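For reference, the chains in residue letters:
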Amino acid sequence: MTTVLAIETSCDETAVAIVNNRQVCSSIIASQIPVHQQYGGVVPEVASRQHLETLNQQIAQAMDESSMGWEQIDAIAATCAPGLVGALLVGLTSAKTLAMVHKKPFLGVHHLEGHIYATYLAQPTLYPPFLSLLVSGGHTSLIYVKDCGKYETLGETRDDAAGEAYDKVARLLKLGYPGGPIIDKLAQTGDTHAFALPEGKISLPGGGYHRYDASFSGLKTAVLRLVQQFEKHGRELPIADIAASFQETIAKALTKRAITCARDYKLDTIAVGGGVAANTGLRKHLQAAAGEHNIRALFPPLKYCTDNAAMIGCAAADHLARGHTSPLTLGVNSRLSL
Ligand code: KG4
Ligand code: ZN
């Protein structure tokens, strides 16, 4: 068993966790959402300052809640990429300092690898190979998980990520930030067939469409045009119907690509990760389609869909068990691919 103290500060959650392989001993997540809400989105400089102000206290709280002493911690890990540079630096520097002071190995973890490992936290028997559908504010990817640290990206978004599309559409509907949970809730009361919206297919040069890549910027523009039409005619916006139609389109587009990809590569499990994995529309559509094709669709518990440190610790524990560590000279990277 490997016990890791992990820190995640890549965006607007300051998170610390202690995990014992796939078992979470403590997990603290301090969301900065109320601070950024007044600006309508994440302000990088504000995010870094908030991480600095809260991180030490959260480390102490995570240790307290786990009832562990430093001698029981085998390694210290932190997210090193991708994300906001200043925000990443706060967590990574703290982790390196703790590793030096307590003489423990240090591991830098890729944020997307963390989201892949979030599914492991509730699935003691899940092992590669499987297909990961990563849908967050920054990414929409289909990743062939071959082994710990061995990943092949099979599909991506060509423009906006799924979560980004949610956030942008919520902004243009004046619903607030972050858009995903707000639209998800509103969509429950709307008509999913009220408006036909484009799913964003990527044309191939020789004809036909790309089977795994997605594009959500056209969908966002279609919602904008819809809003403009209603405003032009002075009609009240049917917000719940727009939210439901938008959610249905994204959920179906993601489901279609994930199922096609899993079948092409003969993978019997799709593990979904990232903030949009919390989405009720996606859960419903993917689970139904997966069932029809004898594929297992696994979702992390809701609290581990959005950013958290338990997923980072779980990934780090697996790497450490294979003898992997990172040098203390490791830097942060805002754009590193998996
Ligand atoms: O994984 P995450 O916490 O941060 C990134 O790594 O980006 O994902 C945040 C994203 C935001 O865009 C948020 O709007 C979206 O996940 N999100 C949702 C839901 N909950 C969060 N999108 C759709 N439905 C939800 N229920
Ligand atoms: Zn994330």
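Computed from a predicted model, the values in this text were never measured in an experiment.

**Topic: the sheet that holds strand β5 (residues 106-110)**
Taken in spatial order, the five strands make up an open sheet running β3-β2-β1-β4-β5, and their pairing is mixed. Each edge of the sheet is formed by a strand with only one pairing partner; in this case those strands are β3 (23-31) and β5. The sheet shows a mean angle of 20° between the axes of neighbouring strands, direction not considered. Pairing analysis gives six bridges linking strand β1 (residues 3-8) to strand β2 (residues 13-20), with the strands arranged antiparallel. By the bridge assignment, I7 is partnered in β2 with V16. On top of the sheet, helix α3 (residues 85-101) reaches β1, β4 (75-81) and β5; it is set at about 155° to β4, its chief contact.

**Quick look at the pairing of β3**
Where β2 lies against β3, eight bridges are found, and the strand directions are antiparallel. Note that in β3 the partner of I18 across the bridge is S26.

**Describing the UniProt feature "binding site: substrate" (unreviewed entry) in the protein**
Look at the UniProt record and you will see "binding site: substrate" (unreviewed entry) annotated at L134, V135, S136, G137, G138, D167, G180, D184 and N279. Judged by local crowding, V135 falls into the buried class, with 30 C-beta atoms found within 10 Å. Contacts of V135, omitting those with residues within four sequence positions, involve T140, A162, G163, L254, V272, G274, V276 and A277. Looking at where N279 falls in the secondary structure, it is placed in the loop between β9 (269-273) and α9 (280-292). Overall, N279 belongs to the buried group, with 28 C-beta atoms counted inside 10 Å. Leave out the neighbours within four places in its chain, and N279 touches G180, D184 and A251.

**Some details on the UniProt feature "binding site: Fe cation" (unreviewed entry) in the protein**
Per the UniProt record, "binding site: Fe cation" (unreviewed entry) is found at H111, H115 and D307. For this annotated set, covering 197 residues, all C-alpha atoms fall within 8.8 Å of each other, a compact arrangement in space. One can find H111 in helix α4 (residues 111-118). Classification of H111 by C-beta neighbours within 10 Å gives buried; the count is 26. Topologically, H115 is positioned in helix α4. Classification of H115 by C-beta neighbours within 10 Å gives buried; the count is 32. Not counting residues within four places of it along the chain, the set of residues in contact with H115 comprises L134, S136, G273, G274 and M311.

**Thoughts on the site of ligand 1**
Close contacts around ligand 1 come from 19 residues, with G137, G163, G180, G275 and N279 the closest. Residue assignment for the shell around ligand 1 shows that the elements contributing at least two residues are α5 (162-172) and α6 (179-187). The biggest single contributor to the shell around ligand 1 is α6, with four residues. Of the residues that constitute the shell around ligand 1, the class distribution is six nonpolar, 10 polar and three charged.

**A closer look at the packing of helix α8 (residues 239-264) against α9**
At a minimum axis distance of 9 Å, the contact between α8 and α9 shows a crossing angle of 35°. For the crossing formed where α8 meets α9, the hand is right-handed. Here Q247, E248, A251, K252, L254, T255, A258 and I259 of α8 lie close against α9, whose contacting residues are G281, L282, H285, L286, A289 and A290. Across the contact of α8 with α9, the residue classes break down as eight nonpolar, four polar and two charged.

**Some remarks on the nonpolar core**
Grouped together as the largest cluster of nonpolar side chains are 101 residues, with contacts concentrated most on A6, A77 and I270. Ranked by residue count, the leading element in this core is α8, at 12 residues. Composition of this core by domain shows at least three residues from each of domain 1 (3-120 + 307-321) and domain 2 (127-304). Every residue in contact with I270, bar those within four places of it in the chain, is listed here: F130, L131, L133, A258, A262, L286, A290, I295 and A297.

**Topic: the sheet that holds strand β10 (residues 296-298)**
In sheet architecture, strand pairing relies on hydrogen bonds along the backbone and comes in two forms, parallel and antiparallel. Spatially, five strands are ordered β8-β7-β6-β9-β10 in an open sheet, and the strand pairing comes out mixed. At either margin of the open sheet sits one strand with a lone partner, and together these are β8 (150-155) and β10. For this sheet the average axis-to-axis angle between neighbouring strands, irrespective of direction, equals 25°. Alignment of β9 against β10, held across three bridges, turns out to be parallel. Residue pairing in the sheet places I270 in a bridge with A297 of β10. Sheet contacts for α8: β6 (130-135), β7 (140-147), β8 and β9; angle to β6, the most-contacted strand, approximately 160°. Each of β9 and β10 touches α9; the most contacted strand, β10, lies at about 160° to it.

**Re α6**
Those residues of α6 that fall on the buried side of the exposure criterion are G179, G180, I183, L186 and A187. Across the axial projection of α6, the buried residues extend over an arc of 140°, all falling on one side. Each element contacted by the buried residues of α6 is listed here: α5, α8 and α9.

Conventions used here
Residues numbered from 1 in each chain as written. Chains lettered and ligands numbered in written order. Predicted model: local features only at pLDDT ≥ 70, side-chain atom pairs only at ≥ 80, totals over all residues. Pairing = 2+ DSSP bridges. Helix = DSSP H or I, 4+ residues; strand = E, 2+ residues; numbered from the N terminus. Axes fitted to C-alpha atoms, helices over the stretch in contact; angles between N-to-C directions. Contact = placed C-beta atoms within 7 Å. UniProt positions renumbered as here; feature names shortened; annotations may be inferred. Buried ≥ 20, exposed ≤ 12 C-beta atoms within 10 Å, placed from the backbone. Near = placed C-beta within 6 Å. Nonpolar A, V, L, I, M, F, W, Y, C, P; charged D, E, K, R; others polar. Left-handed = near helix turned anticlockwise from the far one by under 90°. Core = buried A, V, L, I, M, F, W, Y, C linked by C-beta atoms within 7 Å. Domains from an automatic or database assignment. Arc of directions from axis to C-beta.

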